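Summary of the model geometry
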Amino acid sequence: MEKTKQQTDRLILIRNSYGAKAAIEKLKLLHDMEIGKVKNKRSAGDCYSALLFIRAYPDNKTMYRLAGQLLRELQAHIQSNKNLQYQLYNTGITGTKLCAAFSFELVKWMRKTRSNEIKLVGFEADDAKIQSILSVVMSKTESEILQDANAGWKDWLKELKKPDEDLLDQIINIFDSSDIRPEVKEELWNTIGPNVEIHFVSHDHLPESLTRCYFHRALIRKEAKQQPLLKPVPVKLSETEAAQIVDCSRMILVRKLRELDPISFTSPEHVSLYHLPRGISIALTGMVPTHRHPVDSYMGYLVFKNGLHVAYAGSWILFNSARIGLNVFADYRGGEAKYIFNQVLQLHARVYNLKRFTVDPYQIGKDNNDGIHSGAFWIYYQAGFRPLKKVQRELAAAEALKRQAGKKYRSSPAVLKILADSRMELVLKKTAVRIDATDLSVTYAGIIAKKFNGSRKYSIKKLANILQIKNYQEPNMNFILNSWVVLLSGNEEDLRNNGKLKKELKKAFLLKASGSEEAYIAALQKSKSIRKNLEEAFKKYAIADK
């Protein structure tokens, strides 16, 4: 046991060291590793993490294959050891189980695709709250029995239960049959909080047909200089391959007790994949129309290294500007985070024709201890991002000089918290739009306060008539118009008198409601009139500074 621990500790220490000497030592440690002697949570977790890193960043093919073999041995060992399974509960390690609450769409999908690996274990809400919410979600006629204590929800559902159906299936079917708006449905589902237990019986990774392995002589750790933007070549995906990307992307986030809307609410036809240098592949995902943001475009991405998920995040695109982030999974920290982020930025810039990126304070550590601990601010700073606020911009410049003067210098947590209190931006071209959905939110509030005197009574039908949109009552279109009507009323004269603006808005709304999200992004980028209308509304009505 002690020898196995020493081997694992040493492997973790040298996992990101390269060269002939390091490779020989890593291979010896892997060959000598006795998986059967792994007995406790820490040892199993360290072993699992080290093997994942080596498989993502291997020196050679032998090391790559050996790490994969040991991962399979570790999985079999865990599955045969009940005590170890108990210790590793909720870690997400293959061969273990996890219990948590997830979104309705994700639970419905897991129940459909892996029914034997997921089960209901309880609810976060009490019976009274569940009864109340089910009464809202059910049709009025069906829910009448639940009123005035005529029947309890659990007993009533037992009466309706099919032979091959359990309570989780019934709750899913009730929510699935409801015509409530998807975002409202998700909130109601979250309120009752169904906790499900998931058994991870296999590893999650890209299928072999989409995996390109890369073997390392060294890692790229230094600040990457800005290179000409690459021309990404998309991988031609079969429907099966696209579905496999969705499957493994959702499940890797579930393992980490996380969700990302463009992953949870996507489908195979909204997935694209790009192969990049050094064994990197990036999947871009958009949301199905029912779950899309009405103004900007919330897109997701997953970064794979040798087929393994190493990082993920989302981007919120408006015109040619995007808010973006980077989350590197803990198992792969110490790798090539800076290089990977540079590839992510270049790919987004080319695929979506972007001229500017911004980062929200949370991503760099505001109300986010992990962001402070990992020094996330400097990953963005070294990629070219700079704080929007003057105080943080000047402090960052001073800290950067200290870092250059002494390689061992590290900004204190207190300093990093100050730096995190500002959005950051990277401007690729001066012609980039300088507003995003955050700015439009304060514009919206300003219009409500200044033009409508706090009233929220406005007419969607009036906007639909101006734009000649006949299907304004269709749920997706109604949702979009409801979100745009106030913003467009900020410059209503332009809206009424500008025929080109009306035509371009109508086209954009139709794309957002039922077309391609990428086509919607392109339509906004081509429309100078929509951009001008919103920029003028922002200047006139925004009630908060950046």
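Right, let's walk through the structure included here. A quick note: this is a predicted structure, and the numbers were derived from the prediction, not measured.

This part takes up the overall build of the protein. Broken down by element type, the protein carries 26 helices and 12 strands. On C-alpha atoms alone, the protein measures out to a radius of gyration of 26 Å, which is about the 24 Å that the 2.2 N^0.38 rule sets for 546 residues. Projected onto its principal axes, the C-alpha coordinates of the protein cover approximately 75 × 70 × 45 Å. Of all 546 residues assigned to the protein, the portion counted as buried reaches 53%. Across the protein, contacts joining residues at least 24 apart in sequence account for 70% of those joining residues at least 6 apart.

Once that is clear, we can look at the pairing of strand 5 (residues 280-285). The element strand 5 is largely enclosed, with a buried count of six among its six residues. As paired strands, strand 4 (residues 271-275) and strand 5 are joined by five bridges and run antiparallel to one another. Along strand 5, the bridge assignment pairs histidine 275 with serine 281. Where strand 4 folds back on strand 5, the antiparallel hairpin that results is connected by four residues, among which arginine 278 adopts a positive phi of roughly 60 degrees.

Strand pairing in a sheet takes place through backbone hydrogen bonds and is either antiparallel or parallel in direction. Spatially, three strands are ordered 1-3-2 in an open sheet, and the strand pairing comes out antiparallel. For this open sheet the edge positions go to strand 1 (97-101) and strand 2 (118-123), each flanked by a neighbour on one side alone. When strand polarity is set aside, the average angle formed by the axes of neighbouring strands in this sheet is 25 degrees. Bridge count between strand 2 and strand 3 (residues 194-199): five bridges; the pairing is antiparallel. Across the sheet, the residue bridging to phenylalanine 123 is proline 194, located in strand 3.

Taken N-terminus to C-terminus, the directions of helix 7 (residues 127-137) and helix 11 (residues 182-192) make an angle of 160 degrees; their axes are 9 Å apart at the nearest point. For the element pair helix 7 / helix 11, the angle class is roughly antiparallel. Handedness of the crossing formed by helix 7 with helix 11: left-handed. Between helix 7, through Lys129, Ile130, Ile133, Val136 and Val137, and helix 11, the contact on the second element is made entirely by Leu188, Thr191 and Ile192. Residues that form the contact of helix 7 with helix 11 fall into these classes: six nonpolar, one polar and one charged.

Counted under the stated rule, the structure contains 31 salt bridges. Here glutamate 117 and arginine 114 are joined by a salt bridge, their closest N and O atoms 3.4 Å apart. Overall, the relative accessible area of 25% leaves glutamate 117 in the partly exposed class. Judged by its relative accessible area of 12%, arginine 114 falls in the buried class. We note a salt bridge from arginine 423 to aspartate 436, for which the minimum N-O separation is 3.0 Å. Of this pair, arginine 423 sits in the loop between helix 19 (413-419) and strand 12 (424-427) while aspartate 436 sits in the loop between strand 12 and helix 20 (437-450), and the two are 13 residues apart along the sequence. A residue is classified by how much of its surface remains accessible, and aspartate 436, at 2% relative accessible area, is buried. Through salt bridges with shared partners, a single ionic network connects Lys451, Lys462, Glu492 and Arg496.

Time to look at helix 7. Along helix 7, the residues that are buried comprise Ile130, Gln131, Ile133, Leu134, Ser135 and Val137. Packing partners of the buried residues in helix 7 comprise strand 2, helix 8 (140-143), helix 9 (153-160), helix 10 (167-177) and helix 11.

We now examine the environment of phenylalanine 538. By the element assignment, phenylalanine 538 lies in helix 26 (residues 528-541). On the basis of relative accessibility, which here comes to 18%, the residue phenylalanine 538 falls in the buried class. Residues phenylalanine 538 and isoleucine 447, spaced 91 residues apart in sequence, show a C-alpha to C-alpha distance of 9.4 Å. If we skip the residues at most four places from it in the chain, phenylalanine 538 touches Ile435, Asp439, Val442 and Thr443.

We note that leucine 257 has phi near 60 degrees; this positive angle belongs to a residue other than glycine. Owing to a relative accessible area of 45%, leucine 257 belongs among the partly exposed residues under this scheme. Look at glutamine 468: it is not a glycine, yet its phi comes out positive at around 60 degrees. You can see glutamine 468 is positioned in the loop between helix 21 (460-467) and helix 22 (475-489).

In this section: the side chain of asparagine 533. By secondary structure assignment, the location of asparagine 533 is in helix 26. Within the structure, asparagine 533 has its side chain in polar contact with the side chain of aspartate 494 (distance 3.0 Å). Those residues in contact with asparagine 533, other than ones at most four positions away along the chain, are Leu487, Leu488, Asn491, Asp494, Leu495 and Leu501.

It is worth spelling out the packing of aromatic side chains at this point. All chains considered together, the criterion is met by 16 aromatic pairs. Taken together, the aromatic side chains of Phe104, Phe175 and Trp189 make up a single cluster linked through ring pairs. Above the plane of the ring of tryptophan 109 lies arginine 250, whose end atom (NZ or CZ) is 4.8 Å from the centre. A cation over an aromatic ring shows up here: arginine 323 above the ring of tryptophan 316, its NZ or CZ 5.0 Å from the ring centre.

Before going further, it helps to spend a moment on the state of the cysteines. Tallied over the entire structure, the rule returns zero disulfides. Among the cysteines around cysteine 47, which has no disulfide bond, cysteine 213 carries the closest sulfur, lying 20 Å off.

Okay, the pairing of strand 3 next. Of all six residues making up strand 3, five are buried, and the element is well covered by its neighbours. Here strand 1 runs beside strand 3; their pairing, made up of five bridges, is antiparallel. Paired with cysteine 99 across the strands is glutamate 197, a residue of strand 3.

Glancing now at the side chain of asparagine 16. With respect to the helices and strands, asparagine 16 occurs in the loop between helix 1 (2-14) and helix 2 (20-32). A polar atom in the side chain of asparagine 16 sits 3.1 Å from the backbone oxygen of glycine 334. With near-sequence residues (within four places) excluded, asparagine 16 lies in contact with Phe53, Leu219, Arg221 and Gly334.

This part is about the environment of leucine 146. Here leucine 146 lies in the loop between helix 8 and helix 9. As a C-alpha pair, leucine 146 and lysine 526 span 380 residues in sequence and 53 Å in three-dimensional space. If near-sequence neighbours (up to four positions away) are discounted, leucine 146 is found in contact with Gln131, Leu134, Ser135, Met138, Ala151, Gly152, Trp153 and Trp156.

Quick notes on the rules
Residues numbered from 1 in each chain as written. Predicted model: local features only at pLDDT ≥ 70, side-chain atom pairs only at ≥ 80, totals over all residues. Heavy atoms only, no water. Helix = DSSP H or I, 4+ residues; strand = E, 2+ residues; numbered from the N terminus. Rg over C-alpha atoms; globule rule 2.2 N^0.38 Å. Buried < 20%, exposed > 50% of the residue type's maximum accessible area, 1.4 Å probe, protein only. Contact = heavy atoms within 4.5 Å. Pairing = 2+ DSSP bridges. Axes fitted to C-alpha atoms, helices over the stretch in contact; angles between N-to-C directions. Parallel < 35°, antiparallel > 145°, perpendicular 65-115°, else oblique. Left-handed = near helix turned anticlockwise from the far one by under 90°. Nonpolar A, V, L, I, M, F, W, Y, C, P; charged D, E, K, R; others polar. Salt bridge = Lys/Arg side-chain N within 4 Å of Asp/Glu carboxyl O. Polar contact = N/O pair within 3.5 Å; in protein donor to acceptor, adjacent residues only side chain to side chain. Phe/Tyr/Trp six-rings, centres within 6.5 Å; stacked < 30°, edge-to-face > 60°. Lys NZ or Arg CZ within 6 Å of the ring centre and 35° of its normal. Disulfide = S-S within 2.5 Å.

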